Amino acid sequence: MSEQIIVNPGVGKEETYQELLPQIRSLIDGESDLVANLANVAAALKEVFGFFWVGFYLVRGSELVLGPFQGPVACTRIGFGRGVCGTAWREKRTIVVPDVDKFPGHIACSSRSRSEIVVPLIRRDEVWAVLDIDSETLDHFDDRDAFFLHQVCALLSR
Ligand code: SME
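Caption draft 1: Representation of the state of the cysteines in the model. Overall, the coordinates contain 1 disulfide when judged by the stated rule. Here Cys153 is not disulfide-linked; the sulfur of Cys85 is the nearest cysteine sulfur, at 12 Å.

Rendered as structure tokens:
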């Protein structure tokens, strides 16, 4: 397995995801440890897209607890239905937030985060984690991010 992620610089968002997905697949196919895989996926997304914050929160009882991530120190626990992450967990769906200041109950781990996407990781109809990505740019995420990040999360949920 190659330990390097290679994507063509200067191509669009969609192409970048298309190049990245098979590399993520082979990265995690060779490893059975969950933490190792979540850590490498967070690192790959951060490396390729330069997101401000990328990471996972894991379902632990009635809370989400901070898991592997890349970026500044973040809040460690989020209750069911709280913030964007807890809402994605409760509603079992991806949430795109173009402007975090307009999301009621948004939990601000950093004042630099301006927009956000949260994708639930679902196995046997149960959310077991969420992928959270924050950007310093307003309106950074769209349907393409939702589509491809859903695929990344599906790979991790097999
Ligand atoms: N903004 C998230 C909290 C996690 S941090 O962004 C890393 C939320 O509202 O759930």
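Caption draft 2: Just the side chain of Asp132, in detail. The residue Asp132 is located in strand β6 (residues 126–135) in this model. Comment: no salt bridge for buried Asp132; closest opposite-charge side chain is Lys46, at 13 Å. Once residues lying within four places of it in the same chain are set aside, the contact partners of Asp132 are Trp53, Val54, Gly55, Tyr57, Cys85, Glu116, Ile117 and Val118.

Caption draft 3: Examining the packing of helix α1 (residues 13–29) against helix α4 (residues 143–156) more closely. Two elements in contact, α1 and α4, have axes separated by 10 Å at closest approach and are oriented at 5°. With respect to α4, the axis of α1 lies roughly parallel. Contact residues: Lys13, Glu14, Tyr17, Gln18, Leu21, Ile24, Arg25 and Ile28 in α1; Arg144, Asp145, Phe148, Leu149, Gln151, Val152, Leu155 and Leu156 in α4. When grouped by side-chain class, the residues that make up the contact of α1 with α4 number 9 nonpolar, 2 polar and 5 charged.

Caption draft 4: Structural context of the pattern of salt bridges. Taken as a whole, this structure holds 10 salt bridges when the rule is applied. Between Arg90 and Glu91 there is a salt bridge, and its shortest N-O distance comes to 3.4 Å. Residue Arg90 is classed as partly exposed on the basis of its relative accessible area of 45%. Ionic pairing is found between Asp125 and Lys92, a salt bridge with its closest N-O pair at 3.7 Å. Of this pair, Asp125 sits in the loop between β5 (115–123) and β6 while Lys92 is found in the loop between α3 (83–91) and β4 (95–97), placing the two residues 33 residues apart along the sequence.

Cut-offs applied
Residues numbered from 1 in each chain as written. Predicted model: local features only at pLDDT ≥ 70, side-chain atom pairs only at ≥ 80, totals over all residues. Heavy atoms only, no water. Disulfide = S-S within 2.5 Å. Helix = DSSP H or I, 4+ residues; strand = E, 2+ residues; numbered from the N terminus. Buried < 20%, exposed > 50% of the residue type's maximum accessible area, 1.4 Å probe, protein only. Lys, Arg positive; Asp, Glu negative; His and termini not counted. Salt bridge = Lys/Arg side-chain N within 4 Å of Asp/Glu carboxyl O. Contact = heavy atoms within 4.5 Å. Axes fitted to C-alpha atoms, helices over the stretch in contact; angles between N-to-C directions. Parallel < 35°, antiparallel > 145°, perpendicular 65-115°, else oblique. Nonpolar A, V, L, I, M, F, W, Y, C, P; charged D, E, K, R; others polar.

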